[in-house]
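For reference, the chains in residue letters:
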Amino acid sequence: MTRLTRYVTAELIPPLLAGTLLFTSILSFGYFFVSSQWLSGVPVGLIGQWIAYQLPDTLVKVFPMAVVLMTVVAFGRMSTERELIAVQSGGVSLGRAARPVAVVALLVTLLSVWLSLWVAPRANVETRSVYWDALTGAGLGQLVGKTVDLGGNLTLAMGGYDPATRRMTGVRLEKWSPDTPRTGTLIFAGSGTFEDSRMVLTDYTVFTVDYAAAAALSRVPEGDPAAFRTAVQATFPNVIIPEKATDPLTVDTGLSRKQTLAQYADAIGADAQGWNELSSTLRDPATTPADRQDARLTLNRKLALPFGNVVLALAALPFALRYGRTLGVSLGIALMIAVAYYLLFFVGLTVAGALPTLPEVGAWLANVIFAAAGLLLLRRT
């Protein structure tokens, strides 16, 4: 029995590795092709670094296709050459012969979960940082004209950005008090830099404004300068104007420069939420219902796709036994099954959006349907 396990496992590994390499190469070439206009004159090593940062997220996406190809190619060949019939005639059930498929698929699932929740989110942030800061050179210029949330009730807006010096111009920062929402601190700066999680501003002025007190200005009696002065001081409880325009002001930000680029530089922000961020959001009692639902959906999505490896191995097995006669047919069947799974997976995410109070149903819909279909087809095989 151990010899059979080793033999079946040896049949599974080559198509799994070949499929992973094939599908990863296709997706990586797609990333390269779409961004090729920005890559002229860029060092090859830097391009390689940019592609390497995309590998964790890419592997999570291609593993299900590779597992399907592994199952169809290996068991299709063994079925065509009557090896499975020989095994079953020796008293070994199909389920026992297929046990290495489940083991390999489970190992791929565990690797995919680790990549999805711990490695890929950080790598995605690095990917966007390398792309905008190193490859295109646009840097924070992508944020000009936008108002972006840096976390901790701090927002940033800028009028311009110089990629050569990495300096922002026409900077405006706003920070609002969570306890008194009508009180905010506004910082205006002529220029500044944003590196890591720290912003250094020059030629700045700081105003703390109490808009509740500002509304009371209209009720100050006319001809009472003292009352008007008191009301103005209540409206602007803190005003800072440095003696020299070159004096710096350092502001700590909730998001780092890399995280800000990852979230706001593209029309679609990078998938940068991992286990720590999602679990923290779900445990925080101050989290809004909308943010909690988004975190639930994201967490279940990041778990459902990796577990799709086990489900697809099960669903692909009956197709392998019936149709996996040649490599070309096996590849076609594998692509058909993988495409159908991904389409249903995205349909499930749409369903999850329509069921905001129970996003788990949509996130796991494809896995449930494919698992049920696989078991049904195996019984008929």
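This one's a predicted model, so the numbers in the text were calculated from it and none came from an experiment.

Under the definition given, this model contains 11 aromatic pairs. Look at Trp176 and Tyr211: their rings are 6.0 Å apart centre to centre, the planes differ by 35°, and that puts the pair in the tilted class. One end of the pair, Trp176, is in strand 4 (residues 167-176); the other, Tyr211, is in helix 6 (residues 211-215), with 35 residues separating them in the sequence. With relative accessibility at 41%, the residue Tyr211 sits in the partly exposed group. Their ring planes at 75° and their centres at 5.8 Å tell us that Tyr341 and Tyr342 sit as a pair that is edge-to-face. These aromatic residues form a ring-pair network of at least three members: Tyr341, Tyr342, Phe345, Phe346 and Phe370.

All right, on to a nonpolar patch on the surface then. A contiguous nonpolar patch, built from Val103, Leu106, Leu107, Leu110 and Val310 and spanning about 420 Å² of accessible area, is present on the exposed surface. Tallying contributions element by element places helix 5 (residues 99-135) first for the nonpolar patch, with 4 residues. Note that Val310 resides in helix 10 (residues 289-323). The class for Val310 is partly exposed, based on a relative accessible area of 30%.

This part takes up the layout of surface pockets. Here the second largest pocket defines a volume of roughly 200 Å³. Looking at the second largest pocket, the residues that line it are Leu94, Gly95, Ala98, Arg99, Val101, Ala102, Val310, Ala313, Leu314, Leu317 and Leu378. Of all the secondary structure elements, the ones that give two or more residues to the lining of the second largest pocket are helix 4 (94-97), helix 5 and helix 10. Sorting elements by how many residues they give to the lining of the second largest pocket places helix 10 first, with 4 residues. Residue composition of the lining of the second largest pocket, by class: 9 nonpolar, 1 polar and 1 charged.

Once that is clear, we can look at the packing of helix 2 (residues 44-80) against helix 5. The relative placement of two packed helices comes down to the angle between their axes together with the axis-to-axis distance. Relative orientation of the contacting elements helix 2 and helix 5 amounts to 155°, with a least axis distance of 6 Å. When the axis of helix 2 is compared with that of helix 5, the two are roughly antiparallel. Handedness of the helix 2/helix 5 crossing: left-handed. The residue inventory of the contact of helix 2 with helix 5, partitioned by class, reads 23 nonpolar, 7 polar and 2 charged.

With that settled, consider the packing of helix 10 against helix 11 (residues 327-354). Packing of helix 10 against helix 11 leaves a shortest axis separation of 10 Å and a crossing angle of 150°. Helix-helix and strand crossings are classified by hand; for helix 10 and helix 11 the assignment is right-handed. Along its contact with helix 10, which presents Leu297, Arg301, Ala304, Leu305, Gly308, Leu312, Ala316, Phe319 and Tyr323, the element helix 11 presents Val329, Ile333, Met336, Ile337, Tyr341, Tyr342, Phe345, Leu349 and Ala352. A class-by-class count of the residues in the contact of helix 10 with helix 11 yields 16 nonpolar, 1 polar and 1 charged.

With that settled, the discussion passes to the pattern of salt bridges. With the rule as written, the count across this model stands at 15 salt bridges. As a salt-bridge pair, Arg77 and Glu11 come within 3.0 Å of each other at their nearest N and O atoms. With Arg77 in helix 2 and Glu11 in helix 1 (residues 2-34), this pair connects stretches of sequence that are 66 residues apart. Given the relative accessible area of 23%, Arg77 is considered partly exposed.

Nonpolar side chains in soluble globular proteins tend to end up buried together. Leu12, Phe75 and Phe370 are the most contacted members of the largest nonpolar core, which totals 50 residues. Contributing elements (two or more residues each) for this core: helix 1, helix 2, helix 3 (83-89), helix 5, helix 10, helix 11 and helix 13 (365-380). A total of 13 residues in this core trace back to one element, the largest contributor, which is helix 2. When sequence neighbours within four positions are dropped, the list of residues in contact with Leu12 reads Met70, Ala74, Phe75, Pro100, Val101 and Val104. Within the second largest apolar cluster, 32 residues are counted, among which are Leu135, Leu150, Leu156 and Leu255.

What counts and what doesn't
Counting restarts for each chain: residues are numbered from 1 in the order of the written sequence. Residues qualify for local features only when their pLDDT is at least 70, as the model is predicted, and side-chain atom pairs are given and counted only at 80 or more; totals for whole chains, interfaces and linings, by contrast, use all residues. Side-chain calculation: all heavy atoms of the structure are included, whereas hydrogens and water are not. By convention, a stacked pair of Phe, Tyr or Trp rings (six-membered ring in the case of Trp) has centres within 6.5 Å and planes under 30 degrees apart, an edge-to-face pair has planes over 60 apart, and any other such pair is tilted. Numbering goes from the N terminus for both helices and strands, where a helix is a DSSP run of H or I of at least four residues and a strand is a run of E of at least two. Between buried and exposed lies partly exposed: a residue is buried under 20% and exposed over 50% of the maximum accessible area for its type, with that area taken using a 1.4 Å probe on protein chains only. Note on patches: the residues involved have over 30% relative accessible area and no salt bridge, like charges join within 9 Å, and the nonpolar side chains Val, Leu, Ile, Met, Phe, Trp and Tyr join within 5 Å. In these tables, accessible area is a Shrake-Rupley quantity obtained with a 1.4 Å probe, and a residue counts as shielded only by the protein chains included in the view. For salt bridges, the criterion is a side-chain nitrogen of Lys or Arg within 4 Å of an Asp or Glu carboxyl oxygen. Cavity means a closed set of points on a 1 Å grid over the protein atoms alone, one where a 1.4 Å probe fits but cannot get out, pocket means an open set with protein on both sides within 12 Å along at least 5 of 7 lines, and lining means a residue has an atom within 4 Å of a point. Grid points are joined across faces, edges and corners, and a volume is the space filled by probe spheres set on the points. Ten residue types, Ala, Val, Leu, Ile, Met, Phe, Trp, Tyr, Cys and Pro, are classed as nonpolar, four, Asp, Glu, Lys and Arg, as charged, and the remainder, Gly among them, as polar. The axes are straight lines fitted to the C-alpha atoms, using for helices just the contacting stretch, and the angles between their N-to-C directions are given from 0 to 180°. Orientation labels follow simple angle bins: below 35 degrees gives roughly parallel, above 145 gives roughly antiparallel, 65 to 115 gives roughly perpendicular, and whatever is left gives oblique. Two helices that cross are described as forming a left-handed crossing if the nearer one is turned anticlockwise from the farther one by less than a right angle, and a right-handed crossing if clockwise. Residues are treated as being in contact if the distance between any of their heavy atoms lies within 4.5 Å. Put simply, a nonpolar core is a bunch of buried Ala, Val, Leu, Ile, Met, Phe, Trp, Tyr and Cys residues held in one set by side-chain atoms that sit within 4.5 Å of each other.

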